[in-house]
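Chain by chain, the residues:
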Amino acid sequence: MPKGIIVHLEVRGGVVKRASLEALAEAQRLSASLGGSVTALAVGPDAAAAHAASGSVKLLTCPLEHWSTEAAANALAAALRAEDAAFAFIGATVQGRELAAATAAVLDAPYLADVVALRANGTTLEADRPIFAGKAVLVVRPVALPAVVSLRPGAFASNAPVAGAPGSPLAHTPDATALRVLVTALAAAAAGRKDVSEAEIVVSGGRGLGTPEAFQMVEDLASVLGAAVGASRAVVDLGWRSHAEQVGQTGKVVAPKLYIACGISGAIQHLAGMTTSRTIVAINKDPEAPIFKVADYGIVGDVAEVLPALTAALKAALSGR
Amino acid sequence: MHILCCLARVPDTTTRIHVAADGRSPDLKDAQWIINPWDDYALEAAVQLKEALGGEVTVVHVGPVDFQKDLRAALAKGADKALQIQTTGALGPHSIAALIAAHCGKPDAVFLGKQSVDGDVGATGAFLGKLLGLPVAGRLSALTIKDGTFTARREIEGGVETVEGSLPALFTLDKGVNEPRRAGLKEIMAAKKKPLEVVKAEPLPPRLEALKLELPRARQGGRIVGTGAGAVSELVRLLRDEAKAL
Ligand SMILES: Cc1cc2nc3c(=O)[nH]c(=O)nc-3n(C[C@H](O)[C@H](O)[C@H](O)COP(=O)(O)OP(=O)(O)OC[C@H]3O[C@@H](n4cnc5c(N)ncnc54)[C@H](O)[C@@H]3O)c2cc1C
Ligand SMILES: Nc1ncnc2c1ncn2[C@@H]1O[C@H](COP(=O)(O)O)[C@@H](O)[C@H]1O
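A brief look at the structure comes next.

Cut-off values and rules
- Residues numbered from 1 in each chain as written.
- Chains lettered and ligands numbered in written order.
- Predicted model: local features only at pLDDT ≥ 70, side-chain atom pairs only at ≥ 80, totals over all residues.
- Heavy atoms only, no water.
- Near = heavy atom within 4 Å.
- Polar contact = N/O pair within 3.5 Å; in protein donor to acceptor, adjacent residues only side chain to side chain.
- Areas by Shrake-Rupley, 256 points an atom, 1.4 Å probe, with all protein chains shown as cover.
- Helix = DSSP H or I, 4+ residues; strand = E, 2+ residues; numbered from the N terminus.
- Nonpolar A, V, L, I, M, F, W, Y, C, P; charged D, E, K, R; others polar.
- Buried < 20%, exposed > 50% of the residue type's maximum accessible area, 1.4 Å probe, protein only.
- Contact = heavy atoms within 4.5 Å.
- Pairing = 2+ DSSP bridges.
- Axes fitted to C-alpha atoms, helices over the stretch in contact; angles between N-to-C directions.
- Salt bridge = Lys/Arg side-chain N within 4 Å of Asp/Glu carboxyl O.

### A look at the site of ligand 2
Residue and element names in this part refer to chain B.
Okay, step 1: Of all residues adjacent to ligand 2, which total 17 residues, the nearest are Cys 6, Asp 39, Val 62, Ser 116 and Gly 122.
Okay, step 2: Ala 123 places a polar main-chain atom, nitrogen or oxygen, 2.9 Å from an oxygen atom of ligand 2.
Okay, step 3: Contacts to ligand 2 include Thr 124, whose side-chain N or O atom sits 2.7 Å from an oxygen atom.
Okay, step 4: Look at ligand 2: alone it shows 480 Å² of surface, and the protein chains cover 93% of it.
Okay, step 5: Those elements giving two or more residues to the shell around ligand 2 turn out to be β6 (56–63) and β8 (109–113).
Okay, step 6: Among the elements that take part in the shell around ligand 2, β6 stands out by supplying three residues, more than any other.
Okay, step 7: Here the residues of the shell around ligand 2 are counted per class, giving nine nonpolar, seven polar and one charged.

### A few points about the site of ligand 1
Okay, step 1: Contacts to ligand 1 come from 26 residues, most closely from Arg207(A), Ser232(A), Thr250(A), Ser265(A) and Gln269(A).
Okay, step 2: Proximal residues around ligand 1 fall on chains A and B, making this an inter-chain site.
Okay, step 3: Gln249(A) has a polar backbone atom sitting 3.0 Å from an oxygen atom of ligand 1.
Okay, step 4: Within the side chain of Asp302(A), one N or O atom sits 2.9 Å away from a nitrogen atom of ligand 1.
Okay, step 5: About the coverage of ligand 1: the protein hides 78% of its 980 Å² of free accessible area.
Okay, step 6: Within the residue set of the shell around ligand 1, elements represented by two or more residues are α5 (233–237) and α6 (268–272) of chain A.
Okay, step 7: Per-class residue counts for the shell around ligand 1 are six nonpolar, 15 polar and five charged.

### Let's talk about helix α3 (residues 93–103) of chain B
Because an α-helix completes one turn every 3.6 residues, residues spaced three or four positions apart along the sequence face the same direction.
Residues and elements named next belong to chain B.
Okay, step 1: Buried residues of α3: His 94, Ser 95, Ala 97, Leu 99 and Ile 100, and no others.
Okay, step 2: Contacts from the buried residues of α3 go to β1 (2–6), β6, β7 (81–86) and α4 (124–132).
Okay, step 3: Just downstream of α3 lies Gly 105, where phi reads positive at about 65°.

### Side note on the sheet that holds strand β16 (residues 224–227) of chain B
Okay, step 1: Taken together, six strands build an open sheet; the order of strands is β15(A)-β14(A)-β16(A)-β17(A)-β18(A)-β16(B) and the sheet is parallel. On the outer flanks of this sheet lie β15 (228–231) of chain A together with β16 of chain B, each paired with one strand and no other. The sheet shows a mean angle of 15° between the axes of neighbouring strands, direction not considered.
Okay, step 2: Inspection of the sheet shows strand β16 (residues 258–262) of chain A paired to strand β17 (residues 279–284) of chain A by five bridges, in the parallel sense. Across the sheet, residue Leu258(A) finds its bridge partner in β17(A), namely Thr279(A).

### Description of the pattern of salt bridges
Okay, step 1: For the coordinates displayed, the defined rule picks out 33 salt bridges over all chains.
Okay, step 2: The salt bridge involving Arg12(A) is made with Glu10(A); its shortest N-O contact spans 3.0 Å.
Okay, step 3: Taking the relative accessible area as the measure of exposure, Glu10(A) reaches 2% and is therefore buried.
Okay, step 4: For Arg18(A), the salt bridge is made with Glu22(A), and the minimal N-O distance between the two is 3.3 Å. With Arg18(A) and Glu22(A) both in helix α1 (residues 18–34) and four residues apart, this pair spans about one turn of that helix.
Okay, step 5: Owing to a relative accessible area of 3%, Glu22(A) belongs among the buried residues under this scheme.
Okay, step 6: Shared partners join several salt bridges into a network, and the residues in it are Glu10(A), Arg12(A), Arg154(B) and Glu161(B).

### Things to note about the interface of chain A and chain B
Okay, step 1: At the interface, 88 residues of chain A touch 78 residues of chain B.
Okay, step 2: There are six salt bridges connecting chain A and chain B.
Okay, step 3: The salt bridge partner of Asp237(A) is Lys175(B), with a shortest N-O separation of 2.7 Å.
Okay, step 4: Linking chain A with chain B are 42 residue pairs in polar contact (both at pLDDT 80 or more).
Okay, step 5: For the side of chain A that touches chain B, the class distribution of residues is 51 nonpolar, 16 polar and 21 charged.
Okay, step 6: With six bridges connecting them, strand β13 (residues 182–188) of chain A and strand β12 (residues 159–166) of chain B associate as antiparallel partners. Paired with Ala185(A) across the bridge in β12(B) is Thr162(B).

Set out below in structure tokens:
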């Protein structure tokens, strides 16, 4: 009977991703009821740096010159077999979702994608999975083990990173055929820019901004709050903003502490991507706009008037701390 | 070139979800069904590759319900052949991939969407790549194929990756990769004569057991703080003192 959990640690620029720390903490929490041990695995160019966050957990490393999802999936499957583990846990970042699906394919195993809650049930797990971009939540259980689980970033608590012992190499040599598709470069987004899926505060703009230039008001508000800038699909389709900023069913699903929707009507596809935010603010000149039905606080008004005033008021309020 | 494009059938994104009588599946009786939005990019990429390098594009769909109208629409947008693998029973990514792999030969290039907007799983490509022995390049927002090799971009949190490899390969596509075309009347007429085959097959047993379907708690929204810039100071106060969001 397989037991225990292997957690993949995604390392970027020498730092273990928060999503991986969350997966690690959740694995440790669950292993208390499931039994078995938790083992961490880091793969790729930055693997050696993972010990900065592996804490008391055993760490295996598999260095690669360039990231290859296929090679990483093979390594994860090898670690799972070596430890006779029941679950592979992976933070559901973009890389993590690719890796999780590939690992499930290598193992020909059940895959619980992008889960937001996990519960031990005997020797197995039950998971809550948002489907239809969060319009419903499906509770599922794998019918066989091992199983692969990807955990939605932000949905689980993490512990502060604690350095552990340097990892020991995983007894697995990547096969050359697994290196057929490689990530050869990473261009970081402009300095100081946060991704909507990782930010604690998101300020989004929609067609109500009127022009692409008017997004400067959204940028200004975001910068005062240290927030990421999001967008509705309408303005992405118009080419005003990049797709990376799109929030919604065919964009990113976000659940920040605070979401501020500016000039966004609140179409069902947009709402699917942001209604689980903790606090929602809407600014819209139409009091009947559906966004107000989900907003905790609404201001009826013109963005051109309200946004600069809000930015100034917040600047004053926050500098006073 | 044998180019394959996989099309999923999903409820229109405006669909409101209700829980069916069994308590663990969605009731989609009244839904309008569409081709999965991301699969439009997959079809366009498949057709563009054929136009550049020659060959044939086959569109394939696995599922219980007649999808011929949508397959015809794909034929009108430039696919050459369509196949519906008609199944009964629940489908998972492993069984969709297994059925496609069993019925579609050895493609040189395969295109899928990055995920279906119903289940939001994003795993069919990985399973299909494994079964076909093809390398997978996933979630691409740009793709250039030239002289048998490709360069692509993938948007990750806070950056953009460059992804490289060579054909044969399987690709899953994100928005931005191309501008899907519309079919003209002439193409729609011509599509009526293109081959569309329906085969029946049994899926593999499901790997996940659904225990319950729940709807999220409705939000208590609707509190208007005020009108215009005059409401801003009250909003800031509420965000700070009541919501503790600052
Ligand atoms: C398959 C599919 C998938 C989709 N996926 C997504 C998705 O992922 N994300 C997404 O966002 N959308 C998505 N959509 C699109 C969605 O249906 C809406 O069209 C879109 O969200 C509308 O964007 P908007 O709110 O910016 O624009 P509009 O609906 O045009 O709303 C603009 C709002 O701004 C207000 N306004 C105008 N002027 C001002 C002003 N001066 N001051 C203040 N307010 C003002 C108006 O009252 C209005 O409410 C999808 C659609 C389809 C068909
Ligand atoms: N039933 C299906 N028939 C054909 N292709 C499918 C089917 N389901 C999913 N796909 C393809 O796999 C992609 C990812 O879907 P999924 O793994 O379900 O999120 C979709 O964008 C389609 O290209």
